[in-house]
Amino acid sequence: PCYGWWLKSNYQGGDFFNHFDFWNANDPTHGYVNYVDAGTAWNRGYVKVNNGVAHIGTDSHNVAGGRGRDAVRLHSKETVTSGSLVIADIAHMPTGCGT
């Protein structure tokens, strides 16, 4: 048996988004993006849960204007301390500009 590690938190499915705050202030890095609140994200389909899997997306249909493209930025409600092990099962992680 392993006595050094234990599961502290499990973020998945319909409960996933309860562990995060939606950031909807100006981008602190001054990027061309419009971070939306939770209500907007749910109503426009930027966040959803399908078959128990949490999905986070962005506005991929409209031309960006104003502050920029609508997007979701999440901040964890829980702090991860040094020496912790975080395991994530991510089906798709975009990389690069505009992906």
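Residues numbered from 1 in each chain as written. Predicted model: local features only at pLDDT ≥ 70, side-chain atom pairs only at ≥ 80, totals over all residues. Heavy atoms only, no water.

Where strand β3 (residues 47–50) and strand β4 (residues 53–56) come together, 4 bridges link them in antiparallel fashion. Paired with Val47 across the two strands is Ile56, which belongs to β4. The antiparallel hairpin formed by β3 and β4 contains 2 residues in its connecting segment, where Asn51 sits at a positive phi of about 50°. (Pairing = 2+ DSSP bridges. Helix = DSSP H or I, 4+ residues; strand = E, 2+ residues; numbered from the N terminus.)

Now for the environment of Arg69. Mapped onto the elements of the fold, Arg69 is located in strand β5 (residues 69–71). Residue Arg69 is classed as partly exposed on the basis of its relative accessible area, which comes to 31%. Put simply, Arg69 and Ala88 are 19 residues apart on the chain and 26 Å apart in space, counted from C-alpha to C-alpha. When sequence neighbours within four positions are dropped, the list of residues in contact with Arg69 reads Tyr32, Val33, Asn34, Thr58, Asp59, Ser60, Asn62 and Ala64. At 2.9 Å, the side chain of Arg69 and the backbone oxygen of Asp59 are in polar contact. (Buried < 20%, exposed > 50% of the residue type's maximum accessible area, 1.4 Å probe, protein only. Contact = heavy atoms within 4.5 Å. Polar contact = N/O pair within 3.5 Å; in protein donor to acceptor, adjacent residues only side chain to side chain.)

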